[in-house]
Amino acid sequence: MSGSTLGPGERTRVRRVVKKARYDEQVIYEILDQARLCHVAALVNGAAVALPTLHFREGRTVFLHGSPSNEVMKAVLREGEAFVTATLYEGLRLARSGFHSSIAFRSVVVVGAAHEVLDESEKLRVLNLFIDRVLPGRAREVRPLSDKEVRLTMVVAVAIDEASAKISSGPTDDDDEDMALSIWSGTVPARLVFESPIPDVDGAMSSGAVEVPTSVRRLLEQQ
Ligand SMILES: Cc1cc2nc3c(=O)[nH]c(=O)nc-3n(C[C@H](O)[C@H](O)[C@H](O)COP(=O)(O)OP(=O)(O)OC[C@H]3O[C@@H](n4cnc5c(N)ncnc54)[C@H](O)[C@@H]3O)c2cc1C
């Protein structure tokens, strides 16, 4: 695959609504990095199973983590390959007809070789990055991971061997013959919003003296 594109590959060539397809590395990375969760699909006991999970991207690798008994992760490692998809829900695209009404989204499908990260120092580095990718700055605020916690967590690295993005945005695609209809048509943008934090009330938190950390304050300020 050349330069700054990651597709289309054999399994990532968009066939339906091709005008929405993108394969540029930058577009794909942006969606992967903004998505707060992904879905990983695999065959488990002969049946297709897709599960939501957390991810983060570093270079051309997507990292996943989970319990060593997670059936989808185990299947991914058995096959040595992962199918990962991540989606940003960005609003409603309300056409004059139900047929052409849809949602605004940006989504990515990644297909790539997968392996378990076994090197202990690399595993610890990735697990700490997971904490920080979920909430930047949080890894410094929490107590360090224990050896047992590291042992109880499996880390899977998925190479972004090929990937596709699909982007649905802008005005609706109405049929010409529907344009004269007096039916409201337009878009309703949507975004994820974090509300005011609700402090825990147990243990040391019950005193009310533990301040909202920098990581959470920054998250709220930046949205
Ligand atoms: C939030 C959301 C809601 C959707 N709702 C619907 C719906 O209700 N009905 C419907 O038919 N479709 C829906 N889609 C689009 C859907 O994801 C598929 O693109 C579409 O169904 C075409 O499927 P296909 O198997 O024919 O794709 P093909 O174009 O044949 O798929 C071939 C390859 O193209 C790539 N590809 C396909 N879809 C996507 C995608 N969304 N993102 C990135 N790469 C992709 C993959 O690499 C895939 O292997 C939705 C998408 C999103 C993100």
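Keep in mind it's a predicted model, so treat the numbers as computed, not measured.

Draft legend 1. Molecular detail of the site of the ligand. Looking at the ligand, there are 16 residues lining it, with Thr-12, Arg-15, Ser-107, Val-109 and Lys-166 nearest. Sorting the residues of the shell around the ligand by element identifies strand 6 (81-94), strand 7 (102-116) and strand 9 (162-168) as the ones contributing at least two each. The biggest single contributor to the shell around the ligand is strand 7, with 5 residues. Across the shell around the ligand, the residue classes break down as 7 nonpolar, 4 polar and 5 charged.

Draft legend 2. Broad picture of the nonpolar core. Of all hydrophobic cores here, the largest spans 31 residues; its most connected members are Val-40, Val-76, Val-84, Val-108, Val-110 and Val-158. Take this core: its biggest share by element is 5 residues, from strand 7. Setting aside anything within four residues of it in sequence, one finds Val-76 in contact with Val-40, Ala-42, Ala-82, Ala-114 and Val-156.

Draft legend 3. Region of the structure containing the domain arrangement of the protein. Assigned domains of the protein: these are domain 1 (18-174 + 182-192) and domain 2 (193-223). One C-alpha centre belongs to domain 1, the other to domain 2; they are set 26 Å apart. Each side of the interface is counted separately: domain 1 has 7 residues, and domain 2 has 6 residues.

Draft legend 4. Examining the pairing of strand 8 (residues 154-159) more closely. Taken together, the 6 bridges between strand 5 (residues 61-66) and strand 8 define a ladder with antiparallel strand orientation. Its bridge partner lying in strand 8, Gly-66 is registered against Met-154. Here 3 bridges tie strand 7 to strand 8, and the two strands are oriented antiparallel to one another. Directly across from Ala-114, in strand 8, lies its bridge partner Val-158.

Draft legend 5. Spotlight on unusual backbone geometry. The amide bond that connects Gly-7 to the next residue, Pro-8, takes the cis arrangement and shows omega of 5°. Residue position: Pro-8 is located in the segment before strand 1 (21-22). Here Val-17, not a glycine, exhibits a phi torsion of approximately 50°, which is positive. Secondary-structure assignment places Val-17 in the segment before strand 1. At Asn-45, a position not held by glycine, the phi torsion is positive, near 50°. Note that Asn-45 resides in the loop between strand 2 (38-44) and strand 3 (47-53). On the basis of neighbour counts, which here come to 7 C-beta atoms within 10 Å, the residue Asn-45 falls in the exposed class.

Parameters and conventions
- Residues numbered from 1 in each chain as written.
- Predicted model: local features only at pLDDT ≥ 70, side-chain atom pairs only at ≥ 80, totals over all residues.
- Near = placed C-beta within 6 Å.
- Helix = DSSP H or I, 4+ residues; strand = E, 2+ residues; numbered from the N terminus.
- Nonpolar A, V, L, I, M, F, W, Y, C, P; charged D, E, K, R; others polar.
- Core = buried A, V, L, I, M, F, W, Y, C linked by C-beta atoms within 7 Å.
- Buried ≥ 20, exposed ≤ 12 C-beta atoms within 10 Å, placed from the backbone.
- Contact = placed C-beta atoms within 7 Å.
- Domains from an automatic or database assignment.
- Pairing = 2+ DSSP bridges.

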